[in-house]
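# Residue-level structure breakdown
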Amino acid sequence: MTDGPAARRRRTGLLAAVGLTALLAIYVWLVALRAVQLIGTGQTVGVVLGVALLVAPLLVLALITREWLLAIDVQRMADELAATGDLPVDDLPRSPSGRIDRAAARAAFAPHREQVEADPGDWRGWYRLAFAYDAAGDRSRARSALRTASRLHRGKGAAADLP
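Residues numbered from 1 in each chain as written. Predicted model: local features only at pLDDT ≥ 70, side-chain atom pairs only at ≥ 80, totals over all residues. Heavy atoms only, no water.

## Details of the environment of Gly125
The condition that has to hold: Secondary structure elements are taken from DSSP: a helix is a run of H or I of four residues or more, a strand is a run of E of two residues or more, and numbering for both begins at the N terminus. Only protein chains enter the accessibility calculation, which uses a 1.4 Å probe; a residue whose area is less than 20% of its type maximum is buried, one above 50% is exposed, and one in between is partly exposed. Throughout, a contact is declared for two residues whenever any of their heavy atoms are within 4.5 Å.
On the secondary structure map, Gly125 appears in helix H4 (residues 123–135). On the basis of relative accessibility, which here comes to 0%, the residue Gly125 falls in the buried class. Between the alpha carbons of Gly125 and His112 there is a distance of 6.6 Å; along the sequence they are 13 residues apart. The contacts of Gly125, once residues within four sequence positions are left out, are Gln115 and Val116.

## Topic: helix H5 (residues 139–153)
Note the threshold: In this scheme, a helix's expected span is set at 1.5 Å multiplied by one less than its residue total.
A rise of 1.5 Å per residue sets the reference length of H5, with its 15 residues, at 21 Å; its end C-alpha atoms lie 21 Å apart and thus fit the reference within 8%. Within H5, the full set of buried residues consists of Ala142, Ala145, Leu146, Arg147, Thr148, Ala149, Ser150, Leu152 and His153. Of the surrounding elements, those touching the buried residues of H5 are helix H2 (44–83) and H4. Where H5 terminates, the next one or two residues include Gly155, which has phi positive at roughly 75°.

## Notes on the packing of H2 against H5
Selection rule: Every axis in this analysis is a line fitted to C-alpha atoms, fitted for helices over the stretch in contact. Angles between the N-to-C directions lie between 0 and 180 degrees. Convention used here: angles under 35 degrees read as roughly parallel, angles over 145 as roughly antiparallel, angles from 65 to 115 as roughly perpendicular, and any remaining angle as oblique. Each residue gets one of three labels, nonpolar for Ala, Val, Leu, Ile, Met, Phe, Trp, Tyr, Cys and Pro, charged for Asp, Glu, Lys and Arg, and polar for the others, Gly among them.
Look at H2 against H5: their axes get within 10 Å of each other, and the N-to-C directions meet at 70°. Our classification of the angle between H2 and H5 gives roughly perpendicular. On the side of H2, the interface is formed by Arg66, Glu67, Leu70, Asp73, Val74, Arg76, Met77 and Glu80, while H5 contributes Arg143, Leu146, Arg147, Ala149, Ser150 and His153. Split into classes, the residues belonging to the contact of H2 with H5 amount to five nonpolar, two polar and seven charged.

## Some points on helix H3 (residues 102–118)
Here is the rule: Two axes define the bend at a residue: one fitted to the seven residues ending there, one fitted to the seven starting there, and the bend is the angle between them.
Helix length check: H3 (17 residues) gives 25 Å between terminal C-alpha atoms against 24 Å at 1.5 Å per residue, within 8%. The largest bend in H3 amounts to roughly 25° and is located at Phe109, with the proline Pro111 lying one to four residues further along. Residues Ala104, Ala105, Phe109 and Val116 constitute the buried set of H3. Of the surrounding elements, those touching the buried residues of H3 are H4.

If you want it as structure tokens, here you go:
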């Protein structure tokens, strides 16, 4: 049995994400090591710089963990929607270069927004809205809608206002 193009893309994306995360982990480890060395000097400037350098890796680790958890939940949501045949279909017209026609994306956006307005507690609507925002080129709102979908999917909290 051969893998389809979607399975190959998913595997390639996962390998790239794991590889980049591993490189970032090495970088964070080296920065933390240098921070401990600076603190070990006992000099005021070294201790202050060392503490500051320790905060940065902790912040990076927290942000990376947050993104990985979101990615895992987004995949779970996609799997659930695919199992029921409700996964959004990307059938928007594209230019020869592959860019989505923004006017068509904006036109296709309205039903997803209306679905969320009608039932703001349904993660499925937020999931579809996130991809509609993304197709329309609004990445920050897409991310916000995806985080809301994830929070609702995990049963943690109420829906947010529309971004």
